[in-house]
Amino acid sequence: GQKMKFVILDDGSDPSTTVKNARKLIEEEKVDIILGPTFTPGCLAVSDVAVESKIAMVCLAPVVVPPAKMPWVFSIPQSVPVMIAGVMEHLKANKGKTIGYIGFADGWGDLVLKALETTAAPAGIKIIASERYNRPDTSVNAQVLKLMAAKPDAILIGGSGTPATTPHIALKERGYTGTIYHTHGVIGADFIRVGAKNVEGTVAPTGPLMVAEQLPDSNPIKKVALDFFAKLSPAYPQVRNAFSGYSYDAFLIVQAAVKPAMAKAKPGTAAFRQALREALEGTKEVVGTHAARDGVRDILEVRRIAPYHRAETNQGII
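Read on for an overview of the structure. (Residues numbered from 1 in each chain as written. Predicted model: local features only at pLDDT ≥ 70, side-chain atom pairs only at ≥ 80, totals over all residues. Heavy atoms only, no water.)

### Details of the packing of aromatic side chains
Part 1 of the reasoning: Following the criterion strictly, the structure yields six aromatic pairs and no others.
Part 2 of the reasoning: Summarising the aromatic geometry, the rings of Tyr-248 and Phe-251 are spaced 6.4 Å apart at their centres and angled 25 degrees between planes, so their arrangement reads as stacked. Separated by three residues within a single helix, Tyr-248 and Phe-251 lie in helix H9 (residues 242-262), roughly one turn from each other.
Part 3 of the reasoning: Taking relative accessible area as the criterion, Phe-251 reaches 27% and is therefore assigned partly exposed.
Part 4 of the reasoning: Every member of this aromatic cluster is reached through a ring pair, and the members are Phe-6, Phe-228, Phe-229, Tyr-248 and Phe-251.
Part 5 of the reasoning: Positioned above the aromatic ring of Trp-72 is the side chain of Arg-277, whose terminal nitrogen or guanidinium carbon lies 5.8 Å from the ring centre. (Phe/Tyr/Trp six-rings, centres within 6.5 Å; stacked < 30°, edge-to-face > 60°. Helix = DSSP H or I, 4+ residues; strand = E, 2+ residues; numbered from the N terminus. Buried < 20%, exposed > 50% of the residue type's maximum accessible area, 1.4 Å probe, protein only. Lys NZ or Arg CZ within 6 Å of the ring centre and 35° of its normal.)

Next comes the structure, spelled out in structure tokens:
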């Protein structure tokens with residue numbers, strides 16, 4: 001029942017700009033909460049600002065922060081270990097024994113590699129090659145040649161968005177025939193548009209949002225996800241991507257937290273920001289497009305309703 005003002009700033013995926021934007025939102029706009037950013041290095045950079053200013057931030061990318069920062073930093077996407085464990089299950093089911101890795105040389109690449117190292121051994125899979133690259137790189141030929149020389153049964157690309165297509169295309173152009181895995185950071189039409197036929201056959205984990213129509217009617221996520229598509233699709237035809245769902249789920253969680261926070265303090269005050277943080281921490285029974293959560297910090301194990309789904313869009317097949 002309250003008017004809400006959204007101030008939207010573009011950081012261009014530059015962590016230094018993200019920090020400047022966060023300070024502007026807090027010091028000039030006097031915001032009560034920060035939603036975003038949408039990439040892990042930016043979330044890590046802003047976490048210091050959030051803690052310093054005692055304002056909650058809801059990251060739209062997976063992030064892991066030290067316990068001292070956790071009271072003020074929340075993350076919407078599924079945790080990386082949960083998703084990479086699904087990738088290892090798929091590789092094991094398909095008799096794969098070895099895997100190579102190439103990921104961003106930043107916080108996101110670190111998270112994915114750590115998750116791979118944690119989940120590969122229990123699945124009986126050996127990591128036999130590991131390479132890194134920068135998001136803006138237009139060529140990864142040297143890294144790809146090293147990966148292929150190791151002859152892994154599969155390769156996991158720890159990238160996100162369209163920059164994740166760079167090593168994928170290079171691998172295909174050089175004749176790699178093993179399975180190429182990606183993370184939930186590539187789910188969307190842009191990845192397919194840029195990768196085109198090269199990315200056909202990609203295996204990547206995602207939340208139930210992407211297969212909402214296939215969920216049983218008894219699943220509470222189905223209605224929320226379909227309603228979300230119905231509301232946004234007329235204005236944004238490409239709304240079917242994982243990150244749009246993360247943004248909407250962040251809004252739903254904040255919306256659920258506002259009422260109890262307002263019972264304690266007035267918006268625009270330090271007391272309200274503290275109350276809002278506490279309400280976010282205690283939020284329960286919020287159903288989103290990606291998950292139905294009993295608590296914001298609960299680790300959710302996503303059950304694959306349609307495992308190994310072949311998703312078709314007007315840009316191609318993945």
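Still more to cover.
### Focus on the nonpolar core
Part 1 of the reasoning: Counting 70 residues, the largest nonpolar core has Met-88 and Leu-280 as the members making the most contacts within it.
Part 2 of the reasoning: Here this core takes nine residues from H9, the largest share from any one element.
Part 3 of the reasoning: Not counting residues within four places of it along the chain, the set of residues in contact with Met-88 comprises Ile-99, Leu-116, Thr-119, Ala-120, Ala-123 and Ile-125.
Part 4 of the reasoning: Ala-22, Ile-34, Cys-43 and Cys-59 belong to the second-largest nonpolar core, a separate cluster that totals 16 residues. (Core = buried A, V, L, I, M, F, W, Y, C linked by side-chain atoms within 4.5 Å. Contact = heavy atoms within 4.5 Å.)

### Some details on the side chain of Asn-21
Part 1 of the reasoning: Relative to the helices and strands, Asn-21 is located in helix H1 (residues 15-27).
Part 2 of the reasoning: Ignoring anything within four residues of it in the chain, the contact list for Asn-21 reads Leu-9, Asp-10 and Asp-11.

### Focus: the sheet that holds strand S3 (residues 73-75)
Part 1 of the reasoning: Ordered by their spatial adjacency, three strands build an open sheet running S1-S2-S3, and the pairing between neighbours is parallel. A single partner strand is all that each edge strand has here, and the edge strands are strand S1 (34-35) and S3.
Part 2 of the reasoning: Bridge analysis of S1 against strand S2 (residues 57-59) gives two bridges, and the strand direction is parallel. When the sheet's bridge partners are listed, Ile-34 is paired in S2 with Met-57. (Pairing = 2+ DSSP bridges.)

### Description of the sheet that holds strand S7 (residues 179-181)
Part 1 of the reasoning: Taken together, the four strands give an open sheet; going across it, the order is S5-S4-S6-S7, and neighbouring strands pair in parallel fashion. With partners counted over all chains shown, the strands left at the sheet margins are strand S5 (126-133) and S7, one partner each. Strand-to-strand twist across the sheet, computed as the mean angle between neighbouring axes with direction ignored, equals 20 degrees.
Part 2 of the reasoning: Where strand S4 (residues 98-104) meets strand S6 (residues 154-158), five bridges bridge the pair, whose relative direction is parallel. The residue bridging Gly-103 from the neighbouring strand is Gly-158, located in S6.
Part 3 of the reasoning: Against the sheet, helix H4 (residues 107-120) makes contact with S4, S5 and S6, and its axis sits at roughly 165 degrees relative to S4, the strand it touches most.
Part 4 of the reasoning: Along the sheet face, helix H6 (residues 165-173) touches S4, S5, S6 and S7 and points at about 155 degrees away from the line of S6. (Axes fitted to C-alpha atoms, helices over the stretch in contact; angles between N-to-C directions.)

### Quick notes on the pattern of salt bridges
Part 1 of the reasoning: Across all of its chains, the model carries eleven salt bridges by this definition.
Part 2 of the reasoning: For Arg-23, the salt bridge identified is with Glu-52, shortest N-O distance 3.2 Å. Taken together, the positions of Arg-23 in helix H1 and Glu-52 in helix H2 (residues 40-53) put the pair 29 residues apart, joining distant regions of the chain.
Part 3 of the reasoning: With relative accessibility at 29%, the residue Arg-23 sits in the partly exposed group.
Part 4 of the reasoning: Close ionic contact of Asp-190 with Arg-193 constitutes a salt bridge, the shortest N to O distance being 3.5 Å. Of this pair, Asp-190 and Arg-193 are both found in helix H7 (residues 189-195), three residues apart, which corresponds to roughly one turn of the helix. (Salt bridge = Lys/Arg side-chain N within 4 Å of Asp/Glu carboxyl O.)

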